[in-house]
Amino acid sequence: MGHNGRRYARALVWLRRDLRLRDNVALAAAAEQSREVVLAFVVSPELLRSDRMGAPIVQAFFEAIAALRADLRERGSDLAILEGDFETELMRLAQRVGADALFFNEDYEPSAIARDARVEAAFRDAGIEVQSFLDHVCLAAGDVRTDAGDPYRVYTPYAKRWRDRYATAPVLPVDSLRAAGTRFAPAAAIGASRALAQPEEFGFASSSQYPHCSESYAQHLLERYLAEGGGVDRYAAQRDVPADDATSHLSVQLRAGTVGIRDVFARAFRAARDVSRAKSVDKWIAELIWREFYQMLLKSFPRVVDHAFVEAGDNLRWENDERAFRAWCEARTGYPIVDAAMRQLNETGWMHNRLRMIVASFLTKDLLIDWRWGERYFEQHLADADLAQNNGGWQWAASTGADAAPYFRIFNPILQSKKFDPDGAFIRAMIPELRDVPDAAIHAPWEQPLLGSVYPPPIVDHAAARDRALASYAPVLGKKPR
């Protein structure tokens, strides 16, 4: 029933980053409180034109939208695809289908919160009930607090409190598909709406190398990863080895919401009951809690969108060398592990997590380029670009964020390469021109003069760059301890 005990005739479910029918809180609530539900997605040309948008994530979302529409059509319904201003288009649809309630799942991004407030005000002014729900995280930002009631600033105590809360009251998946049942409004009642959007219509090139994204594919990835002998069993030991890649590749699905986070946690904790698998699965669960931590930080400290979490970090003096930045973007730094990682990003729309840390450290510490430049580039090239995680990761690497690496911890790209890609398998896969380079030279090919015409020399000397970074950071973030 609605907030006032009323049962709605027809509810409009506004989908955004929750492109699925299973484990969808807003859909479950709408189905339980109304006789029929209409699902809608608004394509925003203004958002697609912003410099925070790139081809991989656009392709992922459009693919997920297409799959969702096909699923609904098989059920005799349809996905209403709208284009334009959110308030205007949703209101027109609500009036056309006779919706007397709007349901949607919350988003912690400041711009999304402002957008949702505008839409909610417009609907309430029109006499249409509005309900919003927590869906994209398992525990709300306000649910995990210190004893003093403050948001956590460090991951480890946050994770402990998070686990305690979850163990006491597990947040289980909602059976939204069962709840919806036959309540999906018939296609005839929804009427004609926009044809399936294609990335090219908005100036984005498609690529077969970008990650796939749909509810069925997300379920396939999750089941395969957590199955006996699946990737999660190698996670604790191999998660930092890009050539082996023991990661789940669920980040794209979580970003578009083609899988519910409650479903992911529930299945992970279930798999962790197996003693032989517990250590590795638990390590993966810890990484999922990092996602919750960064989402909490964004909601609790929205200033991080434009500023350093550690306020002193805004006083750092960046070199911001345009040519060096372009070399980093184009995988021409002369450091094979950095360039291989950037090629993976540029070509596939995804990058292994260990590599994200390496290239972020290189940009902010070796090149002394503002972390916001790297954050924006990742937004434009990652299919899983999520403001909370992306911002949190970049500020961690730049030593300006919550629970960040100390400023004097500067990744040595050669040592990182030797440790996590010891035989150069990943480097050779991504940089064919180094395929025949002997193992002894694969991590620092400039030491072999004959390779000069094959691969560029380093754009910076790491030792000198490290000294420069320390000299720049120390006055701002404190002196290095003895």
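Relevant structure appears above.
Residues numbered from 1 in each chain as written. Predicted model: local features only at pLDDT ≥ 70, side-chain atom pairs only at ≥ 80, totals over all residues. Heavy atoms only, no water.

**Here's the deal with the overall build of the protein**
Next up, step 1: Per the secondary structure count, the protein includes 21 helices and 5 strands.
Next up, step 2: Since a compact globule built from 482 residues should have a radius of gyration of about 23 Å, the 24 Å found for the protein is in line with a globular shape.
Next up, step 3: If you line up the protein on its principal axes, its C-alpha atoms span 75 × 50 × 45 Å.
Next up, step 4: Here the protein holds 482 residues, and the buried ones make up 57% of them.
Next up, step 5: Considering only contacts within the protein whose residues lie at least 6 apart along the sequence, 79% involve residues at least 24 apart.
Next up, step 6: For the protein, the accessible area works out to roughly 20,100 Å², and carbon and sulfur atoms hold 51% of it. (Helix = DSSP H or I, 4+ residues; strand = E, 2+ residues; numbered from the N terminus. Rg over C-alpha atoms; globule rule 2.2 N^0.38 Å. Buried < 20%, exposed > 50% of the residue type's maximum accessible area, 1.4 Å probe, protein only. Contact = heavy atoms within 4.5 Å. Areas by Shrake-Rupley, 256 points an atom, 1.4 Å probe, with all protein chains shown as cover.)

**Side note on the pattern of salt bridges**
Next up, step 1: Evaluation of the coordinates by the stated rule reveals 41 salt bridges.
Next up, step 2: The closest approach of N and O atoms between Arg326 and Glu330, which form a salt bridge, is 4.0 Å.
Next up, step 3: Arg326 gets classed as partly exposed once you look at its relative accessible area, which sits at 37%.
Next up, step 4: For Glu330, a relative accessible area of 40% gives the class partly exposed.
Next up, step 5: Salt-bridge contacts for Asp370 lead to Arg372; the nearest nitrogen and oxygen are separated by 3.0 Å.
Next up, step 6: Under the relative-accessibility criterion, Asp370 is labelled buried at 9%.
Next up, step 7: Bridged by salt links that share partners, the residues Arg17, Asp107, Glu109, Arg255 and Asp386 form one connected network. (Salt bridge = Lys/Arg side-chain N within 4 Å of Asp/Glu carboxyl O.)

**Observations concerning the nonpolar core**
Next up, step 1: Judged by nonpolar contacts, the single largest core of 148 residues is most densely connected at Leu39, Phe103, Trp284 and Trp328.
Next up, step 2: Take this core: its biggest share by element is 12 residues, from helix H13 (residues 278-300).
Next up, step 3: Val38, Ala80, Leu90 and Ala185 belong to the second largest nonpolar core, which has 22 residues in total. (Core = buried A, V, L, I, M, F, W, Y, C linked by side-chain atoms within 4.5 Å.)

**A closer look at the packing of helix H16 (residues 353-366) against helix H21 (residues 462-477)**
Next up, step 1: Viewed as axis vectors pointing N to C, H16 and H21 meet at an angle of 65°, and their least axial separation amounts to 9 Å. With respect to each other, H16 and H21 are oriented roughly perpendicular. Here H16 contributes Thr364, Lys365 and Asp366 to the contact with H21, which in turn contributes His462, Ala465, Arg468, Ala469 and Tyr473. (Axes fitted to C-alpha atoms, helices over the stretch in contact; angles between N-to-C directions. Parallel < 35°, antiparallel > 145°, perpendicular 65-115°, else oblique.)

**What about the packing of aromatic side chains?**
Next up, step 1: Summed over the entire model, instances satisfying the criterion amount to 32 aromatic pairs.
Next up, step 2: The interplanar angle of 15° and the centroid separation of 6.3 Å between the aromatic rings of Trp328 and Phe378 together place this pair among those described as stacked. Of this pair, Trp328 sits in helix H14 (residues 322-329) while Phe378 sits in helix H17 (residues 371-381); the two residues are 50 residues apart in sequence, bridging distant segments of the chain.
Next up, step 3: By relative accessible area, Trp328 is classed as buried at 0%.
Next up, step 4: Look at Phe378 and you get buried, because its relative accessible area is 2%. (Phe/Tyr/Trp six-rings, centres within 6.5 Å; stacked < 30°, edge-to-face > 60°.)

**Focus on helix H15 (residues 336-348)**
Next up, step 1: Taking 1.5 Å of rise per residue, the 13 residues of H15 would be expected to cover 18 Å, and the 18 Å separating its terminal C-alpha atoms lies within 8% of that figure.
Next up, step 2: Within H15, 11 of the 13 residues are buried, which leaves it mostly tucked inside the rest of the structure.
Next up, step 3: Those residues of H15 that are buried are in contact with H14, H16, H17, helix H19 (413-420) and helix H20 (425-430).
Next up, step 4: Remark: Gly349 follows H15 within two positions and exhibits a positive phi of approximately 75°. (Expected span 1.5 Å × (residues − 1).)

**Regarding the environment of Gly401**
Next up, step 1: Note that Gly401 resides in the loop between helix H18 (387-398) and H19.
Next up, step 2: Classification of Gly401 by relative accessible area gives buried; the value is 9%.
Next up, step 3: A sequence separation of 93 residues divides Gly401 from Ala308, and the C-alpha atoms of the two residues are 6.3 Å apart.
Next up, step 4: Residues contacting Gly401, with those up to four places away along its chain left out, are Phe309, Val310 and Gln395.

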